[in-house]
Amino acid sequence: MIVNGKHYRTIWPNPENRTEIIIVDQRKLPHLFVTETLRTVEDAITAIKEMHVRGAGLIGITAGYGIYLAALAAPDNCFDKCIKKNSTELGNSRPTARNLKWAVERVCRAMETVNTPEQKRKIAFQEANNIADEDVFFCRQIGKHGLEIIRKIRNQKKGKTVNILTHCNAGWLAFADYGSATAPIYAARDAGINIHVWVDETRPWNQGAKLTAWELQQEKIDNTLICDNTGGHLMQHGLVDLVIVGTDRTTHTGDVANKIGTYLKALAAYDNNIPFYVALPSSTIDWTLDNGMEIPIEQRTGEEITTITGMDNNNSISTISLAADGTQAANYSFDITPARLITGLITERGIVAAEKNAIHNLFPEGGQINRQEQGIS
Ligand SMILES: CSC[C@H]1O[C@H](OP(=O)(O)O)[C@H](O)[C@@H]1O
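If you're wondering where the values come from, they're calculated on a predicted model, not measured in any experiment.

Quick notes on the overall build of the chain
Consideration 1: Along its length, the chain carries 12 helices and 20 strands.
Consideration 2: Radius of gyration (C-alpha) of the chain: 20 Å, near the 21 Å computed for a compact globule of 377 residues.
Consideration 3: Expressed as lengths along the three principal axes of its C-alpha atoms, the size of the chain is roughly 65 × 55 × 45 Å.
Consideration 4: For the chain, buried positions account for 57% of its 377 residues.
Consideration 5: A fraction of 74% describes how many contacts in the chain between residues 6 or more apart in sequence connect residues 24 or more apart.
Consideration 6: Element-wise, carbon and sulfur atoms account for 49% of the exposed surface of the chain, whose accessible area totals about 16,200 Å².
Consideration 7: Side-chain charges of the chain comprise 39 positive and 43 negative groups, with the mean position of each set lying 3 Å from the other.

Right under this line is the structure:
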């Protein structure tokens, strides 16, 4: 998307040196827009684990390029063994987002179609690029389909501003470009529909405060940052017309894993009869899990809760402590929203009910490919 008037993706091969992958280092946003160069698979693993990059789509793309970087370094005489080791480490770098393992498996499958290590390195680069380019296309399609939801609400409101609430960052910073939850918002802006976005700060990493509010500001979309506990109050007072969030993993039965706090927003939306949509590319669907409660929930360090990082009065990025020394903190990074609380899923192929038959009808090949590959009937 546009940053200071220039177009960027979140990740791209260095045009001068294709053995290098460049990312936007999101840890310093919104105060500093800096890039980082990944040269090894270890660099990619660190970038994912330490959230230099984050968001299911972008984690997947980074992992795809990570396998490419591993292939570049793998000696010819132990190529397959090295790739297998690196695939496992990369695939385990964060547990919840489905896109991570999906991208690793996809690039490894592509390498199996050719014979020599040199051919494998070349096809790994091509497939990693394909994943990134498809991500951009899929997010644009999600925007196209999600726009119709916003347009319908605008018509019901007779042209008045549509108020949308979103949680965390499922924007262009969570993908290669456009984002999932933000794609319909950008499409509505382009269609001339008046919108306003309530942005959940999204404790403890503050993806909303640091990333979504900044993204929307850069894109000149009216938005208001709110504490995570405010959304229910706004819904009760008719100030939210629609909730759109992203997801890190959605079961083929429609249960959704997303940033911690999403479930509470879904409960409040359900109680106030407000449409609650989840925007996702099909790469996020887990075709092997029926019950969302079985999705692994990442637990991160307590320091993310007991401290906060931002820009101080000297324009320096610094971290300060919020809680007393020795405070024990539990940092669950995701929660599960059951399908029954979800109005619909906005995918690259259209809007679908959060229900097994509907999802399989829209993606008949998805279930077959994923289940067959994993030996599940
Ligand atoms: C749909 S990708 C964005 C998704 O990922 C975020 O988690 P994290 O920032 O920890 O990677 C959050 O769950 C967003 O909805």
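Picking up after the structure, the text goes on.
A word on the site of the ligand
Consideration 1: As a structural note, the neighbourhood of the ligand is formed by 17 residues, with Gly 55, Arg 94, Asp 248, Asn 258 and Lys 259 the closest of them.
Consideration 2: At a separation of 2.5 Å, an oxygen atom of the ligand approaches a polar side-chain atom of Asp 248.
Consideration 3: Within the side chain of Lys 259, one N or O atom sits 2.7 Å away from an oxygen atom of the ligand.
Consideration 4: Here the ligand loses 100% of its free accessible area of 400 Å² to cover by the protein chains.
Consideration 5: Taken together, the residues of the shell around the ligand break down into seven nonpolar, six polar and four charged.
Consideration 6: Each of domain 1 (2–134) and domain 2 (144–373) gives at least three residues to the shell around the ligand.

Considering helix 5 (residues 117–156)
Consideration 1: Between its first and last C-alpha, helix 5 extends 58 Å over 40 residues, near the 58 Å set by a 1.5 Å rise per residue.
Consideration 2: Bending of helix 5 peaks at approximately 25° at the position of Gly 146.
Consideration 3: Positive backbone phi, at 55°, marks Lys 158, one or two positions downstream of helix 5.

Things to note about the UniProt feature "site: Transition state stabilizer" (unreviewed entry) in the chain
Consideration 1: The positions UniProt marks with the feature "site: Transition state stabilizer" (unreviewed entry) are Cys 168.
Consideration 2: Structurally, the position occupied by Cys 168 is in the loop between strand 6 (162–166) and helix 6 (183–190).
Consideration 3: The residues contacting Cys 168, other than those within four sequence positions of it, are Arg 54, Asp 200, Thr 202, Gln 207, Gly 208, Thr 212 and Lys 259.

Focus on the packing of helix 2 (residues 56–73) against helix 5
Consideration 1: Close contact between helix 2 and helix 5 brings their axes to 8 Å; oriented N to C, the two are set at 170°. What the angle tells us is that helix 2 and helix 5 run roughly antiparallel. Of the residues in helix 5, those touching helix 2 at Gly 57, Ile 61, Gly 64, Tyr 65, Tyr 68, Ala 71 and Leu 72 are Arg 121, Ala 124, Phe 125, Ala 128, Asn 129, Ile 131, Ala 132 and Asp 135.
Consideration 2: For the contact of helix 2 with helix 5, a count of residues per class yields 10 nonpolar, three polar and two charged.

Quick word on the state of the cysteines
Consideration 1: Tallied over the entire structure, the rule returns zero disulfides.
Consideration 2: Here Cys 227 stays unpaired: no disulfide links it, and the sulfur of Cys 168, its closest cysteine neighbor, is 16 Å away.

Section: the packing of helix 1 (residues 41–49) against helix 2
Consideration 1: For the pair helix 1 and helix 2, the least separation of the axes is 8 Å and the interaxial angle reads 160°. It follows that helix 1 is roughly antiparallel to helix 2 by the angle criterion. With respect to the hand of their crossing, helix 1 and helix 2 are arranged in left-handed fashion. Listed contacts from helix 2 to Val 41, Ala 44 and Ile 48 of helix 1 are Ile 59, Thr 62, Ala 63, Gly 66, Leu 69 and Ala 70.
Consideration 2: A per-class count over the contact of helix 1 with helix 2 returns seven nonpolar, two polar and no charged.

Rules behind the numbers
- Residues numbered from 1 in each chain as written.
- Predicted model: local features only at pLDDT ≥ 70, side-chain atom pairs only at ≥ 80, totals over all residues.
- Heavy atoms only, no water.
- Helix = DSSP H or I, 4+ residues; strand = E, 2+ residues; numbered from the N terminus.
- Rg over C-alpha atoms; globule rule 2.2 N^0.38 Å.
- Buried < 20%, exposed > 50% of the residue type's maximum accessible area, 1.4 Å probe, protein only.
- Contact = heavy atoms within 4.5 Å.
- Areas by Shrake-Rupley, 256 points an atom, 1.4 Å probe, with all protein chains shown as cover.
- Lys, Arg positive; Asp, Glu negative; His and termini not counted.
- Charge placed at Lys NZ, Arg CZ, Asp CG, Glu CD.
- Near = heavy atom within 4 Å.
- Polar contact = N/O pair within 3.5 Å; in protein donor to acceptor, adjacent residues only side chain to side chain.
- Nonpolar A, V, L, I, M, F, W, Y, C, P; charged D, E, K, R; others polar.
- Domains from an automatic or database assignment.
- Expected span 1.5 Å × (residues − 1).
- Bend = angle between axes of the 7 residues up to and from the residue.
- UniProt positions renumbered as here; feature names shortened; annotations may be inferred.
- Axes fitted to C-alpha atoms, helices over the stretch in contact; angles between N-to-C directions.
- Parallel < 35°, antiparallel > 145°, perpendicular 65-115°, else oblique.
- Disulfide = S-S within 2.5 Å.
- Left-handed = near helix turned anticlockwise from the far one by under 90°.

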